[in-house]
Amino acid sequence: MDVEDRQSPFDVASDRRGQLGVHLSTDEDSEEDGPGQQTTNDDEPVLPPDLEWLEELYEEEDGDDNGVGDLAVAADDGKKTSYAATARMFKLRRNLDQLDCFHQQKEHDVLKASEELKLCRQNIESLVEQRDNLEKEIERQKAANNSVAVFRLRAQHKHLCQKLQCEEELEGHINTELKQQKLELSEVEVELGRFSLLRQEVQEEERVFQVLKAQKAATRLQQERKASQNLQLKMQHLRDKQEAMLKKEETECQKKIEAVQASHKSAAKHLKETIKRVQAEEEQQRRELLEKRIQAVKSLKSNIAATQESLRVQQRRAKANAQKKEQQQRQLRESLQAQGFNSIKHMYRQKQLEEIKRKQEEFAEMQKSKRVEIVARILQEKQLVKNRKRNQALLQKPANTGMFPFLGRAREKLLSYLDPSPPPATEERPTIQLREFSDISSSSSASSDAEGPEETMHQEGDYQSLAESLAQPEFSGLWDQNCKKLLNEKSTLVHAEVRQEEPSMASGNFNMPTKKIHGKELKGPPFISKPEVILFKDFEVGKMYKKKVILTNISYITNHCKLLGVSAHLKNFISINFEPPGSLSAGMCCDMQAVFQPMINEDLEGEVQFASAVGPFSVPVRCTIKKCDLEVDSQFVDFGLHVVGQTISRTVTLTNKGALATHFSLDTSTCLSPETSHFQMPSQISANIRQEMNSQNTKSDHLRSSASMDTGELQPKQESHELSEVLHQEQPEASATGPEPVPEACLSTDVDAQMDQSHSDPSEISLGNVRGGEIGPFESIKLEVLFTPTIPGEAKLDFHIKFSDLTTKPIPIQVRAMAVRVPVWVVQPSIDLKICMFDRLYQDSIMVQSRASTALKLTFEICPEMRRHMEILPKTGFIQAQSSFNAQLKFLPRCSLSKDAKKFFDRDTGVLEVPLTVQVAGQVKPVHFTVQAVVTSSDLQFDRTEVDFGYCSIYQSMRSSIHLTNLSLLPQDFGFVGVPEFIEVQPNDGFGTLLPQETLEIDLIFSANKAKEYSFQLRCKSGINRDFLLSCRAVGVLPPLELSHSLVQFGATAVGDHSTAILYLINHQTNHNRSKQPIPPAVKDTVAPVAPRLFSFSPPMGSDISITPSAGGLLPGERGMVQVTFRPRLLDQEIKEEALRLLHQAKLLCKKELEMNRHVEQETKKEVPVETSKGKKLSVLQDNSTVSDGPKREQLSESPNPANIQPGSQQYEEARASLLYSFTQRYSEYTIPCFVSDGNPPEEDRQAQPAWSPFNTLYLKLQCPAVQPPLVVISNNGYSIIDFQQVAVGERVIKRFTVQNISKESLDLRSSVLDTHGAFSLLNALRCIRPGEKHTLLLAFSPGLEKKYCETLEVQSQRMTLEVTLCGEGVVPAVTSSHPGGLLDFGYVLEKESTSQALKLQNSSAMAVGFRVQLASLSPCLPQGGADRVALLLGSYTDTQAQPTVGTQNYSGLSVFSVVPVEGSIAAGQSQDIAVTFHPDHSSVNYSDRLTIELMNKSKVCVMDLKGAASSHNMYLYGGDPLTVPIESLLPPLITSQPQPTAESEVMEKPAIPVLVSLRASYRAGAIIPAVRELQVGCIHSAQPTKKSGEFLWDNVASLQQQGFSVEPSKGTVGAGHKRTITVTWTPRSEYKPYEVVQTCVTVTLKGDETNVYRVTLMALVSTTAD
């Protein structure tokens, strides 16, 4: 491949033929090629880019040879070197250099491979030596029978052999590579030998080329010298011409100066006289004005003093009246209080009466004044009609009463004010305003003929008061903008009607024919006025203007003058004060006064009409508003001819001759469009918008006023829409009202052609600082126009002065100028050296071009600040006519550039901008050009000067990151060279490229191979061969403990699952090893003595990593197992952020739904037509709908707070589930330190903290990937912990646990085995679930003991294991009853009635407890025996009779005793009431039952026996000994039919009820203790209307006392619901015989609802065993 096709220095052939494929073009090759040489000669002009300068060199050579001739190339042949030969020479040189570079590279590769081979062989030798030593150590340990050490040494021997094998393989590979590289080097050396002759030839050609180049330089220097001499001669000739012209110009200028000085002297003389006269007049006026002001101030002071004095008197009088009134009120109050009246109330009423009376008087006065005013207006109206009729008769015109058809209506309207009834509400407001205006205008015009201007002002005041007294708007602001505009529109309407009905008097009456008086012709009017036109110029609305007019009789006869009036449209504004003078001779005059009071801001024209003996005449009246009259002193500005670089200014004066101020602005657009012909200020624009809106809505306001005021609602949206439409229509409306559009000639082809032919740059001709502003009345403003030519040619600028006044047209101004070029200029005025570095040389050429016809001298000037850094060669030169000059710029920026050139160099950005000057002889303006460059540093900076790796274990590597910053603005290559073997630089082995201002993080990995101190320097070399050093130091240590693995890579673990890795922590140190281990002196202090080592792992807080054991101790030679567990979980912060995102998403959905609902409602409202009568109902529905949406919007507007989202809430769980379903993967790395102690704690204090060495710390790196779980928990709020809480011992609680398969594969579920003797059990089997399916696990908890239970259930699948933690606590419930148990006696109850008693169960445990209430009578197994508790029925006496637990029952089959509730649950800390009811249906004393309250775990709270008795009567007696068995038949007693007995016979025939009372007296210590028994008499409380109380009576009490018995009380009464105790006492008498039984009978009568008789048998004896 030829060199022209590829620029690579060499080509290595792929077939490896034994020679290097580098082809160089030699003479021999060219001869062998033959025709190919001709082809090369044809393609000679085509050169690579790097040899294009040769072509320029030979072009210069051809140009130089025109006058000099051929030059000799060499001394040998004297022939001219061809162009192709020179190109060939440079190509050969380049290829030879490339070949030399390739040879050096190959030599470097061979040396590098040799060094690597040498290093590899050294490693092999050291490994062989270590292997031999290890084999000897193994043999020695075998002899010592140390199997542990033998196994460990064999493992090391195996590892060493593997390393040795790897090193040997590496040695073979390096050896092969070295041979290959040596072969390639020899091939390159052969090639170099082949081209040795060619190299000598090239060197000879280069020497010849240098000789040729030196000769050309000498020739060029000689030519430059000749050119400079010719240029000096031309310059001298030009200087002589210029001196002659300057002398001539000086003479002419002197003459002109003398003439100007003479004229100035004369003008100064006249000016001084004028100034003196003006100053005297101004001084006189100032004194008069000062005197007037002094007099005014004095009068003002006197008036103020008088006013103050009067005010003081009034204040004193008011104060005295107030005190007097207060004293009267006080006296009145005291008198009223003395009389007993309420003084405050009386005085308040009196004040109210006075206030009402005062208001009535004010109302009456106001009504009276209004009546007077209305009557006065009516009279004025009548007078107006009369005057109008009289004027029309004088003017001989038809009556114009029809012109105002509304005067009658206005008169009726005014008369209606006298009527007390209110005006009708349906009358429209615009009509009222129109009538008011017509009345006021008529009255003012009528009164102007007879009365003065003072009355007119008074009438206006009346008009204002009338307008204020009329109806007021219901809402403020509705009439503010429309009132005045409507008034003006109506007045304009009336004037238009008047103009239509009345012909113009100026056109018909005053063009009189020529008349002859006394034989003389009278042309024109008989009277002339002075002034000829009554002109009210620049008037303002609201002010009054007066003008005096003199009328002169110019007729030839005695004449008279009579005022007829003014024009119809001026009657409302102009009034004439004129007294008829009578007859006036010719030449006599009279005067009149015209009073003008404008009410509208419009131009008015009319006339004042008079009648004379000759005929009528008139005086014109013209009223003009304030206007703008703007003009400029010149609309064409010509700057003339100027050189490029100068700055010339011209002034245009803008004058406002009008009385109205306006805003102006300068518009530099070439053609003024109709839209931009005027501009408006913001305030005027807004005012115009309001006026346009008012004018558009005036006609419809009165139609909508009633509806809008009834509803009382505004529609801001519609108003804003209308306002926007008005703003869009503003621009065409402004164009319609503005002046005529500018002609289209500005866009004609002629103008375009002229613009194309001439140069027009708006930046050359610019306007001054004044671009707009306000010009006041009669003011002048100077506008400055600047011409700064930068490009030669004609410059144009057309601009307009626009005004905010719509009636003023823009003023066009044309500016023209011509610029010519300088004769000498720099071709490249801005030389950009791009980005340069400090202390490096940069060069560029400066080309200066001249268009002058003579040679000129150039001098390059450099500012003093840059002379140490920049140089231009040559400094002075001559440029020939119509030619160019090249100079060389050398730029060598030094580090002191920022100090030397502060104003040219920006230190922060590095930008250098140096202005340079080329001084041209004979040229006034020097040539300026600029050299620009960005100077930057070539430094590479480390973020720190020293890297301290600290203590580094030989088992691990320490990494330290440094930042290398490129401070330059250019990219720089860098590389760390000479890096030691124990340190590694990454990335890319320490080589790379830094972009401008880039900072690269570089990792330095230090791996200590020995325990010693390291101190070294890293050398970073930049691409420009600059070195940057970085100091490093470290200490290599041998830690006492070692980890079996320093890196743990966990597999993909699902969230909720866990992965476990097993590591070993080994303590290799022994006393034997300690003695043989070499310890450098530098680290003797850092290595602790051999002792038991304590370790402690410190995983990050809140991480997913747990280590077991996290701390412990190892003896020398001991190995401990460490378990590392990775449990991925979702972070709390992530869940809260997801909850916020879901809330925000829900909020957006709700908003969209509300908007859609609102849109649907609006569409339905549009589709369904609504009648007018139902408008109110529709509005109510709309209001309701908006109210119903209010709470939703308030809820949506509430921004959620992350602190309010608590774990366990619904939002929290939804966010957690969302993250689980959308979880993809997560990768995290942890580096966990393991701290190792120096030994055990000191013996003095074992609790003290042991010493820890930071350099003994081990590090464990964990790589933890987390993936989405295939199985998730969807019950229990997503938690895998099932807490059964507290459960009573013996109970069983079942809970459900649901899981779902969220993966895309089916999962076969399995479970671990729970403790068969434990409290937890799984009740259902597991199955295979498909993707998306759910499965529910039934888990039961049945505690048997009072303790806490915890167990783990593993739900296993193919991809994860879900651990479910089961926990619960078995507790013994603590439930107490308000009744302690035993007997619960309901007493006596009437049959078929009921009574209740309440029990309270109190749960004092911390859980809810269930209970059941059981009755023995309702139990399925009744007790068969009857000897359980006889004492229940016998009281305190015992007997051998057996009585059952369940006694007598009801005949109806219903239970006698009932309980509510039968079962239930009592919450923790709460209580439960249980009601027990006794309801018998027949009389018996043997009602009994047993009540048992037990819990769900079969434990009994209490057991109680229920007892009750029923009676058919309300009185009862009990307490004796039992006479019958307690068991009764359930069959009711047999009832036979018997005749109805009478009451008396019933009492007598009723049998007595037997009662036995046994008494036992005790005999002790020779004394007898009396026996005492108690009987109870009670009265049952009943709801039936029967007798509420009862009586009892003991018969034959005296007979009882004889036998030693005593009864207390023997008779008495018992209230309902109460009972009384009767005490029976037996005291043996003296004649009592031992063992004798004393017996007697007595009757007891009980009287209640019935009378019952009890036969009481008393039996008494003395017993020695009685208690």
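Residues numbered from 1 in each chain as written. Predicted model: local features only at pLDDT ≥ 70, side-chain atom pairs only at ≥ 80, totals over all residues. Heavy atoms only, no water.

## Brief notes about the overall build of the protein
Move 1: What the protein contains, in helices and strands, is 23 helices and 77 strands.
Move 2: For the protein, the residues scored as buried account for 35% of the 1667 residues in total.
Move 3: When contacts within the protein are restricted to residue pairs at least 6 apart in sequence, those whose partners lie at least 24 apart make up 72%.
Move 4: By element, 52% of the accessible surface of the protein is carried by carbon and sulfur atoms, the whole surface being about 101,000 Å². (Helix = DSSP H or I, 4+ residues; strand = E, 2+ residues; numbered from the N terminus. Buried < 20%, exposed > 50% of the residue type's maximum accessible area, 1.4 Å probe, protein only. Contact = heavy atoms within 4.5 Å. Areas by Shrake-Rupley, 256 points an atom, 1.4 Å probe, with all protein chains shown as cover.)

## Section: the sheet that holds strand β35 (residues 991-994)
Move 1: Ordered by their spatial adjacency, five strands build an open sheet running β31-β38-β37-β33-β35, and the pairing between neighbours is mixed. Pairing within the sheet leaves two strands with one partner each, and these edge strands are β31 (946-953) and β35. The mean inter-strand angle of the sheet, taken between neighbouring strand axes irrespective of direction, is 25°.
Move 2: Relative to strand β37 (residues 1013-1022), strand β33 (residues 972-977) runs antiparallel, the two sharing four bridges. Counterpart to V977 in the pairing with β37 is R1019. (Pairing = 2+ DSSP bridges. Axes fitted to C-alpha atoms, helices over the stretch in contact; angles between N-to-C directions.)

## Quick look at the pairing of strand β14 (residues 648-656)
Move 1: Taken together, the three bridges between strand β12 (residues 630-632) and β14 define a ladder with antiparallel strand orientation. In the sheet register, L630 faces β14, and the bridge partner there is N656.
Move 2: Pairing of β14 with strand β18 (residues 780-787), which is carried by eight bridges, proceeds in the antiparallel orientation. Across the sheet, the residue bridging to R650 is V785, located in β18.

## Considerations on the packing of aromatic side chains
Move 1: Summed over all chains, the structure comprises 29 aromatic pairs.
Move 2: Their ring planes at 20° and their centres at 6.4 Å tell us that F1006 and F1016 sit as a pair that is stacked. Here the residue F1006 occupies a position in strand β36 (residues 999-1007), and F1016 occupies one in strand β37, the gap between them amounting to 10 residues.
Move 3: Judged by centre distance (5.7 Å) and plane angle (45°), the rings of F1284 and F1320 are tilted. Taken together, the positions of F1284 in strand β50 (residues 1281-1288) and F1320 in strand β54 (residues 1320-1322) put the pair 36 residues apart, joining distant regions of the chain.
Move 4: You can call F1284 buried: its relative accessible area is 3%.
Move 5: Clustering of aromatic rings is evident, with ring pairs tying together F949, F982, F1006, Y1014 and F1016. (Phe/Tyr/Trp six-rings, centres within 6.5 Å; stacked < 30°, edge-to-face > 60°.)

## Let's talk about helix α20 (residues 1210-1222)
Move 1: An ideal rise of 1.5 Å per residue puts 18 Å on 13 residues; α20 measures up with 18 Å between its terminal C-alpha atoms.
Move 2: Buried within α20 we find Y1212, E1213, A1215, L1219 and L1220. The buried residues of α20 occupy an angular sector of 160° when the element is viewed end-on, so they sit on one face. (Expected span 1.5 Å × (residues − 1). Arc of directions from axis to C-beta.)

## So, the nonpolar core
Move 1: Formed by 40 residues in total, the largest nonpolar core has its most connected members in I846, V848, M866, I872, F891, L912 and F929.
Move 2: Not counting the four nearest positions on each side in its chain, V848 is found in contact with V824, W825, V826, L858, F860, I879, S883, S884 and F885.
Move 3: Core analysis: the second largest hydrophobic core is formed by 36 residues, L1065, I1135, Y1230 and C1234 among them. (Core = buried A, V, L, I, M, F, W, Y, C linked by side-chain atoms within 4.5 Å.)

## So, the pattern of salt bridges
Move 1: A complete count under the given rule lists 43 salt bridges for this structure.
Move 2: With a shortest N-O distance of 2.7 Å, E206 and R93 are connected by a salt bridge. A residue pair is termed long-range when its members are at least 10 positions apart, and E206 in helix α6 (residues 196-339) and R93 in helix α4 (residues 83-143) qualify at 113 residues.
Move 3: Note on E206: relative accessible area 26%, which makes it partly exposed.
Move 4: One salt bridge connects D667 with K802, and the closest N-O pair in it is separated by 3.7 Å. Placement of D667 in strand β15 (residues 662-667) and of K802 in strand β19 (residues 793-803) is noted, with a sequence separation of 135 residues between them. (Salt bridge = Lys/Arg side-chain N within 4 Å of Asp/Glu carboxyl O.)

## Things to note about the sheet that holds strand β68 (residues 1515-1518)
Move 1: Taken together, four strands build an open sheet; the order of strands is β68-β71-β75-β73 and the sheet is antiparallel. Pairing within the sheet leaves two strands with one partner each, and these edge strands are β68 and β73 (1605-1608). The sheet shows a mean angle of 20° between the axes of neighbouring strands, direction not considered.
Move 2: Both β68 and strand β71 (residues 1571-1579) contribute to a ladder of four bridges, which runs antiparallel.

## Some remarks on the environment of T854
Move 1: Take T854: it is sitting in the loop between β23 (842-850) and β24 (856-861).
Move 2: Take T854: its relative accessible area is 19%, and that puts it in the buried class.
Move 3: Between the C-alpha atom of T854 and that of A881, which follows or precedes it by 27 residues, the distance is 4.6 Å.
Move 4: With sequence-adjacent residues up to four places away left out, T854 is seen in contact with L231, K234, I879, Q880 and A881.

## Describing the environment of E1137
Move 1: Of note, E1137 is situated in helix α18 (residues 1132-1167).
Move 2: In this structure, the C-alpha to C-alpha distance between E1137 and I1205, residues 68 residues apart in sequence, is 9.8 Å.

## A few points about the packing of α4 against α6
Move 1: For the pair α4 and α6, interaxial distance at closest approach is 10 Å and the crossing angle is 130°. It follows from the interaxial angle that α4 and α6 lie oblique. Note on packing geometry: the crossing formed by α4 with α6 is left-handed. Residues A85, T86, R88, M89, F90, L92, R93, L96 and D100 of α4 form the contact with α6, whose own contacting residues are L198, R199, E201, V202, Q203, E205, E206 and F209.
Move 2: Looking at the contact of α4 with α6 residue by residue, the class counts come to eight nonpolar, two polar and seven charged. (Parallel < 35°, antiparallel > 145°, perpendicular 65-115°, else oblique. Left-handed = near helix turned anticlockwise from the far one by under 90°. Nonpolar A, V, L, I, M, F, W, Y, C, P; charged D, E, K, R; others polar.)

## Considerations on the environment of L767
Move 1: Examined against the element boundaries, L767 turns out to sit in strand β16 (residues 765-767).
Move 2: Along the sequence, L767 and L786 sit 19 residues apart, while their C-alpha atoms lie 6.0 Å from each other.
Move 3: Filtering out sequence-adjacent residues up to four positions away, L767 remains in contact with L666, T668, E784, V785, L797 and F799.

## Quick notes on unusual backbone geometry
Move 1: Of note, the amide linkage connecting L873 to P874 takes the cis form, showing an omega dihedral of -10°.
Move 2: With respect to the helices and strands, P874 occurs in the loop between β25 (870-873) and β26 (876-879).
Move 3: Cis geometry marks the peptide bond from T1108 to P1109, where omega comes out at -5°.
Move 4: Following the sequence through the fold, P1109 ends up in the loop between β44 (1105-1108) and β45 (1111-1114).

## Here we look at a negative patch on the surface
Move 1: A cluster of acidic residues, E129, D132, E135 and E139, forms a negative patch at the surface.
Move 2: Its location among the elements puts E129 in helix α4. (Patch = residues over 30% accessible without salt bridge, like charges linked within 9 Å, V, L, I, M, F, W, Y side chains within 5 Å. Lys, Arg positive; Asp, Glu negative; His and termini not counted. Charge placed at Lys NZ, Arg CZ, Asp CG, Glu CD.)

## With respect to the side chain of S1022
Move 1: Considering the arrangement of structural elements, one finds S1022 in strand β37.
Move 2: When neighbours within four sequence positions are excluded, S1022 is seen to be in contact with L940, Q972, D973, F974 and F1028.

## Observations concerning the packing of α4 against helix α5 (residues 147-194)
Move 1: Between α4 and α5, the least distance of the axes is 7 Å, while the angle of their chain directions is 160°. By the angle class used here, α4 and α5 are roughly antiparallel. Seen from above, α4 lies across α5 with left-handed handedness.

## Considering the confidence of the model for the protein
Move 1: The predicted model of the protein averages 77 in pLDDT, with 74% of residues at 70 or higher.
Move 2: Between the elements of the protein, mean pLDDT differs from a low of 37, seen in helix α9 (residues 429-450), to a high of 94, seen in β33.
Move 3: Every residue in residues 1072-1088 scores below 50 in pLDDT, and together they form 20 contacts with partners more than four places removed in sequence or on other chains.
Move 4: For residues 1423-1442, every residue scores under 50 in pLDDT, and the model assigns this stretch 31 contacts once sequence neighbours within four places are set aside. (pLDDT = per-residue confidence, 0-100.)

## Re the side chain of D1489
Move 1: Tracing the sequence through the fold places D1489 in strand β66 (residues 1484-1495).
Move 2: One buried charged residue, D1489, forms no salt bridge at all, with the nearest opposite charge on R1490 at 7.3 Å.
Move 3: Side-chain polar atoms of D1489 contact the backbone nitrogen of A1416, separated by 3.4 Å.
Move 4: At 2.5 Å, the side chain of D1489 forms a polar contact with the side chain of S1417.
Move 5: Apart from the residues lying within four places of it in its own chain, the contact partners of D1489 are L1415, A1416, S1417, T1445, V1446, F1457, M1504, D1505 and L1506. (Polar contact = N/O pair within 3.5 Å; in protein donor to acceptor, adjacent residues only side chain to side chain.)

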